[in-house]
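So the chains spell out like this:
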Amino acid sequence: MARETRFLGIETSCDETAAAVFTDDGRVFSSVVHSQHSVHARFGGVVPELAARAHLSRMIPVIDEALKSAGVRLADIGAIAVHHRPGLVGALVIGVSVAKMLSVALGVPLLGVSHLEGHVYASRMASGKDIYPCVALVASGGHTVLFHAKGPLELLRIGTTRDDAAGEAFDKAAALLELGFPGGPAIEKAALKGRPGVFHLPRPMIHEGLDFSFSGLKTAVAVAWRKVEDGISCSEQLFQAKANLAAELQAAIGDVLVAKCRRALEATGCSRLAVGGGVVANGLFRSRVSELVREGFEVIIPPLNLCTDNAAMAAVAVEAWRQGRFAPADLDAEPA
Ligand code: KG4
Ligand code: ZN
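*Asks:* Give a detailed account of the pattern of salt bridges, specifying residues and quantitative values.
*Replies:* Scanning all chains against the criterion turns up 18 salt bridges. Notably, a salt bridge pairs Asp 64 with Lys 68, separated by 3.1 Å at the nearest N-O pair. Linking Asp 64 with Lys 68, this pair stays in helix H2 (residues 48-70), spanning four residues, or about one helical turn. Judged by its relative accessible area of 38%, Asp 64 is partly exposed. Residues joined in a network through salt bridges with shared partners are Glu 4, Arg 6, Asp 25 and Arg 27.

*Asks:* Would you mind going over the coordination of the zinc ion (ligand 2) in detail, with residue names and values included?
*Replies:* Think of it this way: four donors in a tetrahedron around the metal ideally sit 109.5 degrees apart, and six in an octahedron ideally sit 90 or 180 degrees apart. Ligation of the zinc ion (ligand 2) by protein atoms is provided by His 115 (NE2), His 119 (NE2) and Asp 309 (OD), these donors lying 2.1 to 2.2 Å from the ion. Look at where the donors of the zinc ion (ligand 2) fall in the sequence and you get H-x3-H-x189-D. Placement of the pair is His 115 and His 119 together in helix H4 (residues 115-127), with a separation of four residues, close to one helical turn. On the accessibility criterion, His 115 (6% relative accessible area) is buried.

*Asks:* Summarise the sheet that holds strand E10 (residues 298-300); cite the residues concerned and give the values.
*Replies:* A sheet is described by the order of its strands in space; here five strands give the open sequence E8-E7-E6-E9-E10, paired in mixed fashion. Every interior strand has two partners, whereas the edge strands, strand E8 (154-160) and E10, have only one. Pairwise comparison of adjacent strand axes, ignoring direction, gives a mean angle of 25 degrees for this sheet. Packed on one face of the sheet, H4 meets strand E6 (134-139), strand E7 (144-151), E8, strand E9 (272-276) and E10 and runs near 120 degrees to E6.

*Asks:* Describe the site of ligand 1, and please don't skip the residues or the numbers.
*Replies:* Within the structure, ligand 1 sits among 20 residues, and Gly 141, Asp 171, Gly 184, Glu 188 and Asp 309 are positioned closest to it. Contact distances for ligand 1 include 3.3 Å between an oxygen atom and a side-chain N or O atom of His 115. Within the backbone of Gly 184, one N or O atom sits 2.9 Å away from an oxygen atom of ligand 1. If ligand 1 stood free it would expose 550 Å²; the protein chains cover 91% of that surface. Judged by the proximity of its atoms to the pocket grid, ligand 1 belongs to the largest pocket. Sorting the residues of the shell around ligand 1 by element identifies H4, helix H5 (166-176) and helix H6 (183-191) as the ones contributing at least two each. Considering every element that reaches the shell around ligand 1, the biggest residue donor is H6, with four residues. Split into classes, the residues belonging to the shell around ligand 1 amount to five nonpolar, twelve polar and three charged. Counting contributing residues, the shell around ligand 1 receives three or more from each of domain 1 (6-120 + 309-322) and domain 2 (130-304).

Cut-offs and rules
Residues numbered from 1 in each chain as written. Chains lettered and ligands numbered in written order. Predicted model: local features only at pLDDT ≥ 70, side-chain atom pairs only at ≥ 80, totals over all residues. Heavy atoms only, no water. Salt bridge = Lys/Arg side-chain N within 4 Å of Asp/Glu carboxyl O. Helix = DSSP H or I, 4+ residues; strand = E, 2+ residues; numbered from the N terminus. Buried < 20%, exposed > 50% of the residue type's maximum accessible area, 1.4 Å probe, protein only. Donors = N, O, S within 2.8 Å, 3.2 Å for Na, K, Ca; no water. Pairing = 2+ DSSP bridges. Axes fitted to C-alpha atoms, helices over the stretch in contact; angles between N-to-C directions. Contact = heavy atoms within 4.5 Å. Near = heavy atom within 4 Å. Polar contact = N/O pair within 3.5 Å; in protein donor to acceptor, adjacent residues only side chain to side chain. Areas by Shrake-Rupley, 256 points an atom, 1.4 Å probe, with all protein chains shown as cover. 1 Å grid on protein atoms, 1.4 Å probe; cavity = no way out; pocket = protein on both sides within 12 Å on 5 of 7 lines; lining within 4 Å. Sits in = over half its atoms within 2 Å of the grid points. Nonpolar A, V, L, I, M, F, W, Y, C, P; charged D, E, K, R; others polar. Domains from an automatic or database assignment.

None of the figures reported here should be taken as evidence of function without further support.
What follows is the structure, given as C-alpha cells:
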C-alpha cells in the first residue's frame, strides 16, 4: 500500500517564522511558530528589515524543530509547501528561498500558495470537513478581506479595506495608548477592565457595502485620548480611561466585522461563514460572530493557534498538489 505523502510547510510572510509537517490526508504532525514580537515590540509595529533578518536566523532551527517533533527526517519529506504571497517582500523571500532550495536538494515538488488561502483553509482543517462554498473573512495585521470562497484555491474577493487593516487599527491604537505590542492582545487584555460606551467611537462604513475602512477609527482613538489625557492626574483614572477606550475600540471593530460578514452572507446567498487571521483570536469578536448561528448561518471559527500565523495552514497546498499545480522554478515572492 502506498504510504501517505509528508509535506513540509513554510511560513515567513510577516513576523512569525513557522514550519509544519502534515500529510496529504489531512493529519498535522507538528506546527512550530517562532514569534518575533520581542524584536518589534519597542518599535510598536513590524520593522520589515528586522523581520527578514530574524527569519534568516530562525528558519533552519524552526524547520529542524518541526521535523524532530513530527518524528520524521528531511529525507521522509515528499513535498515542500510555502506561502509565497502576500506579505513583506523581504520576509517572504527568506521562506521562498529555503523552500526552493529544499525542493531541489530533495528532488520533491514545490507548491506555492497564498497566505490568505491558508487562513481560510484553517477553517477546513479545524472543522475536518469540506467548507466550500462559503463566505470567508480574513482579518489580520495586513489584511481585512471578505471572500466568496468557491474552493480552497478559488477565492473571489468581494470586500476589502480601503486603508488600514483591522489588526493595524488594534496595533496603532495600542501603541498610542502605550499598551504594548502586538496591539490586539494588549487591547483585549486592557478591555477586560473597561466598559464599552463610555467613549463613543464610529463604526466606519457599517451600513455601506462590503468594504472596510479602519484608519478613521485610529484617528478617533487619538482624538478621544487627547481630550481626556490632559485632564487626568491620577494613574488609576488614567488606567481606567485606557481600559474604557480599549473596550470601545474592540466593540467598534467587532460590530463592523460582524455586520459585514452578515451582509456578505446575504449578498452571496451562502449559508456558511469561515473566519481566520490574527484578529479572529479576539474573544469579543469570537462570541459576537458566533451569534450569527442564531440567525441560521453555520459559523466556523478555528482555534487560536490556527487563527494567528502558522505553517500548518499551508496544508492548502495539498489541494494544489492533487491538481498537479506545482510551482515553477522561478517562483517569486509576491508582496500583494
Ligand atoms: O494573521 P496574523 O497573525 O498576521 C498577519 O498576517 O498579519 O495577524 C496579526 C494581527 C495583529 O495586528 C494583531 O494585533 C492581531 O492580529 N491580533 C489580535 C488578537 N491577536 C492578534 N487582534 C485582536 N485581538 C486579539 N486577541
Ligand atoms: Zn496572517
